[in-house]
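What follows is the residue order along each chain.
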Amino acid sequence: PDHTLATRTYSGTEKSKDRITIVLTSNADSSEKFMPWVIRKSKNPQCFSKINRRHLRVEYRFNKTK
């Protein structure tokens, strides 16, 4: 991407390298929609520590690269 959703930059600080990928898929005529995927960096993110992931309506995956 050539832009970010970051709202403000501060001098003397590094840019945030947090990334999230959301995958939304369906077939060509949209008669069958598949469960959305959320792809992040960590296997067990802190934000999901008290949430049962099976009850979410998204599939969570992780990818450690970059």
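Residues numbered from 1 in each chain as written. Predicted model: local features only at pLDDT ≥ 70, side-chain atom pairs only at ≥ 80, totals over all residues. Heavy atoms only, no water.

Of regular secondary structure, the protein possesses zero helices and three strands. Starting at the N terminus, the α and β elements of the protein follow one another as β-β-β. Counting every position in the protein, which comprises 66 residues, the buried fraction comes to 6%. Pairs at least 24 residues apart make up 8% of the contacts formed inside the protein by residues separated by at least 6 positions. Per element, the accessible surface of the protein, about 6900 Å² overall, is 52% carbon and sulfur. (Helix = DSSP H or I, 4+ residues; strand = E, 2+ residues; numbered from the N terminus. Buried < 20%, exposed > 50% of the residue type's maximum accessible area, 1.4 Å probe, protein only. Contact = heavy atoms within 4.5 Å. Areas by Shrake-Rupley, 256 points an atom, 1.4 Å probe, with all protein chains shown as cover.)

This part takes up the environment of Phe 48. Residue placement: Phe 48 occurs in the loop between strand E2 (37-40) and strand E3 (59-62). For Phe 48, the contacting residues outside a window of four places in its chain are Arg 53, Leu 56 and Tyr 60.

Let us now look at the packing of aromatic side chains. To describe a pair of aromatic rings, one takes the distance between the centres and the angle between the planes. The tally for this structure, following the rule as stated, stands at one aromatic pair. Over the face of the ring belonging to Trp 37 we find Arg 61, whose NZ or CZ atom lies 4.8 Å from the ring centre. (Phe/Tyr/Trp six-rings, centres within 6.5 Å; stacked < 30°, edge-to-face > 60°. Lys NZ or Arg CZ within 6 Å of the ring centre and 35° of its normal.)

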